[in-house]
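Listed below are the residues making up each chain.
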Amino acid sequence: MILPQPPLGGAPRREAVPFAFVAETDRFRSNVTPPARQRPSLSQVAGRTLIGLTVVAGLVGSLLFGMPAMQSGPSAGHTQQSEASDGR
């Protein structure tokens, strides 16, 4: 008796499925309803809101603090002079 050999790579071979069976699965509807989702408690809603506000505040703060660093060219109020150039 000769047993069929699995293809190289160890993946099992797919069996042929009759078309009528596949067509029936499109019409199948389950009569089992999933359980209702639980509503989040007030503390969970408040926690998620605070986390969201913290993330948004961090992004806005990093943008505000990073904008001066991204400006190119010397600014009018900040001129650099070394102490060696002072006439001691």
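Residues numbered from 1 in each chain as written. Predicted model: local features only at pLDDT ≥ 70, side-chain atom pairs only at ≥ 80, totals over all residues. Heavy atoms only, no water.

Engineer: Which residues make up the overall build of the protein, and what values do they have?
Structural biologist: What the protein contains, in helices and strands, is two helices and zero strands. Across the 88 residues in the protein, those meeting the buried criterion constitute 1%. Looking at the protein as shown, the accessible area adds up to about 9,500 Å², and 62% of this sits on carbon and sulfur atoms. (Helix = DSSP H or I, 4+ residues; strand = E, 2+ residues; numbered from the N terminus. Buried < 20%, exposed > 50% of the residue type's maximum accessible area, 1.4 Å probe, protein only. Areas by Shrake-Rupley, 256 points an atom, 1.4 Å probe, with all protein chains shown as cover.)

Engineer: So, a nonpolar patch on the surface: which residues are in play, and what are the values?
Structural biologist: A contiguous nonpolar patch, built from Ile 51, Val 55 and Leu 59 and spanning about 310 Å² of accessible area, is present on the exposed surface. With a relative accessible area of 48%, Val 55 lands in the partly exposed category. (Patch = residues over 30% accessible without salt bridge, like charges linked within 9 Å, V, L, I, M, F, W, Y side chains within 5 Å. Salt bridge = Lys/Arg side-chain N within 4 Å of Asp/Glu carboxyl O.)

Nothing here speaks to function; it is all geometry.
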